[in-house]
Structures are given as C-alpha cells and as structure tokens.
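# Examination of the molecular architecture
One letter stands for each residue in the lines below.
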Amino acid sequence: MSLLIRNGEIITATDRYSADIYCADETITRIGHDLDVPPDTPVIDAAGKWVVPGFIDPHVHIYLPFLGTYAKDTYETASRAALMGGTTTLIEMICPNKEQDLLETCAFWQEQAAGRSACDYTYHMGVPRFDPRVQAQLTEIIAQGIPSLKIFLAYKDLAHLSDAELYALLCFAKEAGVIVTGHCENADLIVALQQRLLQDGKTGPEWHYHSRPPAVEAAGTAHFLAFAQLTEATVYVVHLSCREALQATLRARQSGVRAYVETVLPHLVLDSTAAEQPDFEGAKYVMSPPLRPAPHQTALWNGLRQGFIHTVATDHAPFDFHGQKDRGRADFTQIPNGIPSLEERVKLLYTAGVCQDRIDVHTWINCASTQAARLFGLYPRKGTIQPGADADLVIFDPHHSSVISAATHAMNVDYSAYEGWPVKGRAETVTVRGKIVVEQGRYTGVPGHGRFLTRAPQTF
Ligand code: URP
Ligand code: ZN
Ligand code: ZN
C-alpha cells in the first residue's frame with residue numbers, strides 16, 4: 001500500500017513547510033519535492049490544506065461499567081468517531097474494580113478492541129488496589145506492552161487507592177520506569193459533601209458541582225503530587241479542571257516533581273452553567289471533576305499556551321441521556337459521569353483555541369498529539385511527520401465550516417454536549433499507517449485495521 005500526498009503545507013509541533021509526503025509499507029518513507037514514486041501510486045492533492053500528524057487522545061473510555069450501566073460506544077463506533085474527528089490513536093483506560101483480577105480484566109478489555117478497532121490503540125492499566133500479587137501481575141502487564149498505570153483518588157469503595165497502597169505503587173512504578181496517571185480528588189470529602197447535599201434535598205444535576213468543588217480537586221492533586229515527590233515517580237494528572245489544582249502542579253514542578261498535566265476538552269469549552277440547565281438537561285454535562293465556572297477556563301488556556309498543561313484529551317465516556325443519565329433523576333450521585341467528546345476534540349480545540357488566538361497551531365498539534373506520544377512511549381512512531389514514522393496523517397481543511405449535532409455525529413450516544421455549535425476546520429482525509437480511513441469527510445475505515453500498540457518502559 002503506497003500513497004503520495006502532494007502540495008500540502010506540513011505542520012508539526014515544531015515545523016511548518018511545504019513538501020510532498022510519500023508513504024509505503026505503513027510508514028512515511030520520504031518527504032520532499034518532485035519525489036520520484038512508482039507510476040501507479042495513488043495521489044492525494046492537498047493544495048490549500050494542512051497535513052498534520054494523526055491526533056492522539058490519551059484518555060478515553062469505551063468499555064466502561066459505571067453505576068450499574070455501561071458506556072455506549074463499542075470499538076467499532078468509537079474508532080469510527082475518533083477517525084472522523086482526526087484522532088488516529090486512542091489510549092483507553094482499563095478500569096477494574098477492587099474485586100477483579102487484573103490480568104483477567106486486562107485481557108477482557110483487549111478482547112473488546114481486537115478485530116473491531118479501525119484506529120490504533122493502547123491502554124493505561126487501572127490499579128484499584130496494591131499488594132504483592134498485584135505487583136506481580138502489573139509486571140506481567142507492563143511486559144505485555146502496557147507501561148502506564150491509572151489510579152483513582154475518587155470513587156470510594158470502587159476504585160479508590162489507600163495512601164499505603166498509593167505509596168507502594170509509586171515506589172514500584174519508579175523502579176519499573178512506568179508513568180502513573182491519576183484522577184485527583186478527595187474521595188472521603190466527596191462522599192461527605194454528597195450526603196449533606198442529598199439530606200438538604202439538593203438532588204438535581206446542578207448540585208454535582210457542589211459535591212466536588214475546586215478545593216476537593218486541589219486537595220487530591222496536592223496529595224498525589226506529595227506522594228510523587230517522596231517516591232520520585234513520574235506522574236500525570238488526568239482531567240485537571242481548575243485554577244487551584246493547576247497551581248498545585250506548578251508548585252510541585254517547581255520543587256522538582258516529575259509531574260505532567262492533562263486537561264480535557266469539556267473543561268476548556270464548557271462551564272458550570274451547562275450543568276445548571278433546567279428540566280434535568282444539566283445531566284448531559286455531569287462529569288468528574290465537574291465543569292467549572294468560566295474563569296477557570298482562562299487559567300487552563302493560559303496553562304496550555306505557556307506549556308504548564310501538556311495534553312488535551314477528552315475523557316470520552318458516552319452515556320445516553322435517555323435511559324442512562326436519567327437513572328439519576330432523583331439523585332445526582334446516580335447520574336453516570338461523562339461528556340462524550342471523542343469526535344469533536346480536534347476541531348473544537350482548533351475552533352476555540354487556534355481560531356480565537358488562545359493557542360497557536362503548533363501548540364494545538366503538540367497538546368493534541370505529540371506530547372501524548374512522547375509521554376506514553378509512542379514517539380516518534382506516532383505524533384509527528386518524519387521518515388520512519390507511521391503514516392498516520394490528517395489532511396486538515398482549516399477553512400471548513402460545520403455545525404455539530406447528535407443527528408450527524410458518529411459517536412453511539414443520543415445527545416451532543418455541543419449541539420448546534422458552529423465549528424471551523426475538518427479532518428478531511430485521514431490515514432492510519434497509510435490506509436485512507438476518511439476520504440473527503442466520508443468514512444472508509446475498516447474494523448480490525450486498528451492495531452494494539454505495544455510500548456516499552458522509559459526513562460523520564
Ligand atoms: O466523568 C468522568 N470523568 N467519567 C469517566 C470516569 C473518570 O473518572 O474518568
Ligand atoms: Zn477520572
Ligand atoms: Zn476518565
């Protein structure tokens with residue numbers, strides 16, 4: 001399978017220039033002008049368009065049991081939505097509960113993707129408890145090519161890790177050369193606040209925010225980072241949403257903690273008023289940590305522009321409004337958490353970020369692709385355009401206009417959190433290892449083309 005992309009403007013996290021790209025045997029083999037290629041090579045004319053690295057979403061949920069129900073996407077639907085949005089690699093969270101065997105869970109999660117995914121994928125391995133048996137199992141999972149872990153300082157009794165376990169896990173991670181990603185809140189505080197709100201008759205989705213205010217997230221973040229400091233482990237704070245938590249990461253980084261920061265699309269473009277909408281509409285916007293008042297968004301955009309926030313993911317977790325979110329009509333703590341965004345991340349980050357001059361085009365590519373590749377052991381195979389890299393390319397039309405709607409999106413969920421929003425830019429044509437999976441905005445992907453990406457531990 002070979003392909004020539006001509007006349008495009010190549011943009012990466014660092015460079016911008018005009019050249020043609022020749023892809024063969026799944027990789028980019030040559031970049032230049034007037035390339036001499038075999039006569040029958042298929043050609044894409046990218047004149048007037050940008051050619052950018054395939055985007056990487058480092059935090060998604062596809063198979064996700066939550067409060068007695070399951071996230072709606074399958075690998076067929078999720079990978080299709082990812083590719084339609086320009087995301088060619090996704091990293092899914094494997095989320096075992098405290099009772100489940102880690103090796104079995106890891107194998108089960110992989111079965112959900114094998115033969116079904118049209119885009120490439122890998123995982124962060126969730127660790128809901130830690131003991132010598134778990135340590136042995138993690139050693140095996142890392143050897144299978146999954147050298148990144150996930151812990152929760154939330155979801156008490158389900159996935160939450162105790163302090164003793166957190167300390168032992170981070171010591172192990174440091175030794176093994178793996179990065180530990182963390183959902184940072186304070187699980188006990190959340191339970192106490194939820195109980196008090198419910199006792200006071202505050203049951204609607206608008207109260208979710210008040211059960212997890214910025215102080216709760218800042219406490220969890222500082223806690224995680226203190227443990228990282230003591231153990232010298234490399235950590236990654238997922239879905240950071242507020243100024244106070246960002247300040248905690250800045251303080252820690254100043255004292256030498258190896259900490260990286262992710263924010264997610266919903267926290268950049270939606271604010272807490274979305275979850276205050278009447279008639280239970282606010283439930284569509286319930287996620288954890290919650291959407292924040294608008295000034296926090298400014299802090300997040302500044303953090304991205306200044307390099308204090310490294311990646312933008314989605315935390316894609318699709319639950320239908322009808323039949324799933326509405327399980328929490330009488331009690332906000334029963335609303336499945338998540339705001340589906342996998343398909344919209346790249347273009348909304350472009351629209352709200354680049355087009356509104358909050359970040360430049362290189363930062364857009366860096367935080368939505370290159371940094372995730374670097375942090376999670378995929379670089380330079382993914383996340384950039386250079387000879388030898390996988391031919392994961394997006395021909396992006398920066399002038400395209402469209403309107404987001406659940407009626408036309410590819411995600412398997414009955415609402416869009418961005419319904420009716422006008423957006424700029426489109427992943428017009430997308431390749432995964434040289435195969436065209438989106439052509440002129442039309443999906444041509446094939447379930448099973450996507451490959452599990454094995455990764456190795458690294459030094460940070
Ligand atoms: O609201 C969220 N974030 N849902 C998915 C689970 C998690 O905490 O990442
Ligand atoms: Zn989380
Ligand atoms: Zn998540």
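Residues numbered from 1 in each chain as written. Chains lettered and ligands numbered in written order. Predicted model: local features only at pLDDT ≥ 70, side-chain atom pairs only at ≥ 80, totals over all residues. Heavy atoms only, no water.

If you want to describe how two helices pack, look at the angle between their axes and the distance between the axes. At a minimum axis distance of 12 Å, the contact between helix α3 (residues 132–143) and helix α4 (residues 163–176) shows a crossing angle of 35 degrees. Between α3 and α4 the crossing geometry is right-handed. Side by side, α3 and α4 meet where Q135, L138, T139 and I142 of the first sit next to L169, F172 and A176 of the second. Along the lines of polarity and charge, the residues of the contact of α3 with α4 split into five nonpolar, two polar and no charged. (Axes fitted to C-alpha atoms, helices over the stretch in contact; angles between N-to-C directions. Helix = DSSP H or I, 4+ residues; strand = E, 2+ residues; numbered from the N terminus. Left-handed = near helix turned anticlockwise from the far one by under 90°. Contact = heavy atoms within 4.5 Å. Nonpolar A, V, L, I, M, F, W, Y, C, P; charged D, E, K, R; others polar.)

Attention now moves to the sheet that holds strand β15 (residues 235–237). The sheet built from eight strands is open, its strands ordered β8-β11-β12-β13-β14-β15-β16-β17 with parallel pairing. The two strands at the open ends of the sheet, each matched to only one other strand, are β8 (55–60) and β17 (311–313). Going from strand to strand, the sheet's axes swing by 30 degrees on average, the running direction of each strand aside. Note that strand β13 (residues 148–153) and strand β14 (residues 179–184) share six bridges and pair parallel. The residue of β14 that forms the bridge with K150 is T181. (Pairing = 2+ DSSP bridges.)

A separate point is unusual backbone geometry. With an omega of -10 degrees, the peptide bond between S288 and P289 qualifies as cis. Cis rather than trans, the peptide bond between Y379 and P380 has omega equal to 0 degrees. Position of P380 among the secondary structure elements: in the loop between α12 (361–375) and β18 (393–403). A positive phi angle is found at E26, which is not glycine, with a value near 75 degrees. Within the secondary structure, E26 sits in the loop between β4 (20–24) and β5 (27–32). Exposure remark for E26: the relative accessible area of 26% places this residue in the partly exposed category. Its identity is not glycine, yet D34 carries a phi of approximately 50 degrees, on the positive side. With respect to the helices, strands and loops of the structure, D34 is situated in the loop between β5 and β6 (43–45). (Buried < 20%, exposed > 50% of the residue type's maximum accessible area, 1.4 Å probe, protein only.)

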